[in-house]
Amino acid sequence: MAKPAQGTYTCTLREEMLEKAKKELNEDPKTRLLEIKALRERVEKVPGLRSRTEDTFLLRFLRARKFDQENAYKQLIQYYQTRKENPDVFENLTPKRVQFLLEAGVDTVLQNRAPDGSRVIVFRPGKWDPDKCDMATVIGSNHLTLSKLIEEEETQVCGVTMLIDLKEVGWHQAKHISPFTAKKFTTIIQEAFPVRFKGLHYLNEPTFFDVVFAIVKQFMKEKILRRIHIHGDKMESLHQFLPADILPVDYGGKLPPLSSKQWMEKLVSCEAHFADENKFGFLDMTIPANPKTGQDATESLGGTFRRLNVD
């Protein structure tokens, strides 16, 4: 496995995106590489962790945590911890493993960005057949889609909007949503993944939606809960946030019917990249504790870091 290039980052953001990053994420182009270097040096000291350390990877966590070094570091550690603790989701996770879900259209991505610049993921759990795979596989598919999107610098700055279409969802799917699976999903996607969720829009909720949502929402952050919008079958309500110009006719939009083919092909073309990604992580199941204090060894590492509000 070749050692990733370090210190070679070249920013691809447009001027307006640079200004947005400065204003919303506390990003300073003059100190950006120093921030990356500081995070890398700390991560490289974590016992038993083989982490990606190239500039572009570390920068995702810094941006997701508004260049708060401490919180960026903690999220990166949690990112790898969740991969180790959830082999049912992450073991041998590549696009070809979940290709049947992508072909079914369980997750796909709109061609155009939302007005706020965020990427729009369409998640259709009603197209998931629990007889073919478990919920962990669906979470893995979500994770791959997010992982590909977050490679885009503009998405690191502007975030992701979720359009969750619950059409065709029945008890056949809903009965698999337990507190355990809900916590697993929210921990992996909400806590450990370096992305800014700008909105969650629910459509076509079934009659039992309140029952299932009550299970899931107890594990959601307050900030995420404030960004949830429930539209039912009222497309004009959805269009207040996602205009018809960027939506397919499926959602009252002006674009051709939604197809997952292009996104599926894009992910599958990255099979080798994601296979390589699986080579990184914790070598052991747990991080060694400091024998004198019992403190997690990663918490005792040195460094002085800025503390800022987290988005």
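Within each chain, residue numbers correspond to sequence positions counted from 1 in written order. Note on the predicted model: pLDDT of at least 70 is required for a residue's local features to be given, and 80 or more for side-chain atom pairs to be given and counted; whole-chain, interface and lining totals, by contrast, use all residues. Hydrogens and waters are ignored; side-chain quantities use all the structure's heavy atoms.

Trainee: Would you mind showing me how to read the overall build of the protein chain here?
Mentor: Going along the chain from the N terminus, every DSSP run of H or I of four or more residues is numbered as a helix, and every run of E of two or more is numbered as a strand. In terms of regular secondary structure, the protein chain is built from 15 helices and seven strands. Within the protein chain, buried positions represent 53% of all 311 residues. Taking as baseline every contact in the protein chain between residues at least 6 positions apart, the subset at least 24 positions apart corresponds to 77%. Exposed residues in this analysis have more than 50% of their type's maximum accessible area, buried residues have under 20%, and partly exposed residues fall in between, with area computed by a 1.4 Å probe over protein chains only. Here, residues are in contact when the closest pair of their heavy atoms is within 4.5 Å.

Trainee: Mind showing me how you'd approach helix 14 (residues 261-268) here?
Mentor: Side chains of residues three or four places apart in an α-helix project in the same direction, reflecting 3.6 residues per turn. Taken as a whole, helix 14 has its buried residues at W263, M264, L267 and V268. Taken down its axis, helix 14 places every buried residue within 130 degrees of arc, on the same side. Close packing links the buried residues of helix 14 with helix 6 (99-104), strand 2 (107-109), helix 7 (135-149) and helix 15 (271-277). The directions considered for the arc are those from the helix axis to the C-beta atoms.

Trainee: Before we go on, may I ask you to explain the packing of helix 7 against helix 10 (residues 179-191) in this structure?
Mentor: Fitted lines through C-alpha atoms serve as axes, helices being fitted only where they are in contact, and the angles separating the N-to-C directions of these axes extend from 0 to 180 degrees. As a packed pair, helix 7 and helix 10 sit with axes 11 Å apart at the nearest point and diverge in direction by 15 degrees. One way to sum up the angle between helix 7 and helix 10 is to call them roughly parallel. For the pair helix 7 and helix 10, the crossing hand works out as right-handed. Residues M135, I139, N142, H143 and L146 of helix 7 form the contact with helix 10, whose own contacting residues are T181, K184, F185, I188 and I189. All amino acids are sorted into three groups, where Ala, Val, Leu, Ile, Met, Phe, Trp, Tyr, Cys and Pro are nonpolar, Asp, Glu, Lys and Arg are charged, and the leftover types, Gly among them, are polar. Looking at the contact of helix 7 with helix 10 residue by residue, the classes come out as six nonpolar, three polar and one charged. Roughly parallel here means an angle under 35 degrees, roughly antiparallel means over 145, roughly perpendicular means 65 to 115, and every remaining angle is called oblique. Handedness of each helix crossing follows the sense of rotation of the near helix against the far helix: counterclockwise by less than a right angle gives left-handed, clockwise gives right-handed.

Trainee: Quick question: what am I supposed to make of the pairing of strand 5 (residues 197-203) here?
Mentor: For a regular strand, the rule is simple: side chains alternate between the two faces of the sheet. Within strand 5, six of the seven residues are buried, which leaves it mostly tucked inside the rest of the structure. Strands are labelled as partners when DSSP assigns at least two bridges between them. Where strand 4 (residues 160-165) lies against strand 5, six bridges are found, and the strand directions are parallel. In the sheet register, D165 faces strand 5, and the bridge partner there is L203.

Trainee: Looking at this structure, how should I read unusual backbone geometry?
Mentor: Most of the time, phi is negative for any residue but glycine, and the peptide bond is trans. Even without glycine at this site, N26 takes up a positive phi of about 60 degrees. On the secondary structure map, N26 appears in the loop between helix 1 (15-25) and helix 2 (32-43). Overall, the relative accessible area of 30% leaves N26 in the partly exposed class. The backbone of F67 shows a phi angle near 60 degrees, a positive value even though the residue is not glycine. Checked against the element boundaries, F67 lands in the loop between helix 3 (55-64) and helix 4 (69-85). Note on F67: relative accessible area 1%, which makes it buried.

Trainee: I tried to follow the nonpolar core on my own but got confused; where do I start?
Mentor: Soluble, globular proteins show a tendency: their nonpolar side chains are buried together. With 69 residues, the main nonpolar core has Y80, V138, M162, F197, L200 and Y202 as its most contacted residues. Sorting elements by how many residues they give to this core places helix 7 first, with seven residues. Once you skip the residues sitting within four places of it in the chain, Y80 turns out to touch L49, R50, S51, R52, F57, F280, G281 and F282. Put simply, a nonpolar core is a bunch of buried Ala, Val, Leu, Ile, Met, Phe, Trp, Tyr and Cys residues held in one set by side-chain atoms that sit within 4.5 Å of each other. If you look at the next biggest cluster of nonpolar residues, it comprises 13 residues, including A114, L242, Y251 and L258.

Trainee: Could you clarify how one ought to interpret the packing of aromatic side chains in this entry?
Mentor: Only Phe, Tyr and Trp rings take part, Trp by its six-membered ring, and two of them pair if their centres are within 6.5 Å. Stacked means planes under 30 degrees apart, edge-to-face means over 60, and tilted covers everything else. For the structure on display, the rule yields ten aromatic pairs. Both rings, one in F61 and one in Y79, keep their centres 5.5 Å apart while their planes meet at 80 degrees; by these two values the pair is edge-to-face. Of this pair, F61 sits in helix 3 while Y79 sits in helix 4, and the two are 18 residues apart along the sequence. When its relative accessible area of 5% is taken as the criterion, Y79 is described as buried. Here the aromatic rings of F209 and F213 are separated by 5.2 Å at their centres, their planes lie at 15 degrees, and the arrangement is stacked. With F209 and F213 both in helix 11 (residues 209-217), this residue pair falls four residues apart, about one helical turn.

Trainee: In this structure, what is going on with the confidence of the model for the protein chain? I would like to understand it.
Mentor: Caution is warranted with low-pLDDT regions, since their predicted coordinates should not be read in detail. The pLDDT value tells you how sure the predictor is about a given residue, anywhere from 0 up to 100. For the protein chain, the mean per-residue pLDDT works out to 90, and 89% of the residues sit at or above 70. Low pLDDT, under 50, characterises residues 285-311; the stretch is placed with 52 contacts to residues that sit more than four places away or in other chains.

Trainee: I tried to follow the pairing of strand 3 (residues 119-123) on my own but got confused; where do I start?
Mentor: The buried fraction of strand 3 amounts to five of the five residues, a majority that puts the element mostly inside the structure. Alternating residues of strand 3 divide into R119, I121 and F123 and V120 and V122, and every residue in both groups is buried. Where strand 2 lies against strand 3, three bridges are found, and the strand directions are antiparallel. Opposite D107, over in strand 3, you have F123 as the bridge partner. Bridge count between strand 3 and strand 4: five bridges; the pairing is parallel. The residue of strand 4 that forms the bridge with I121 is M162.

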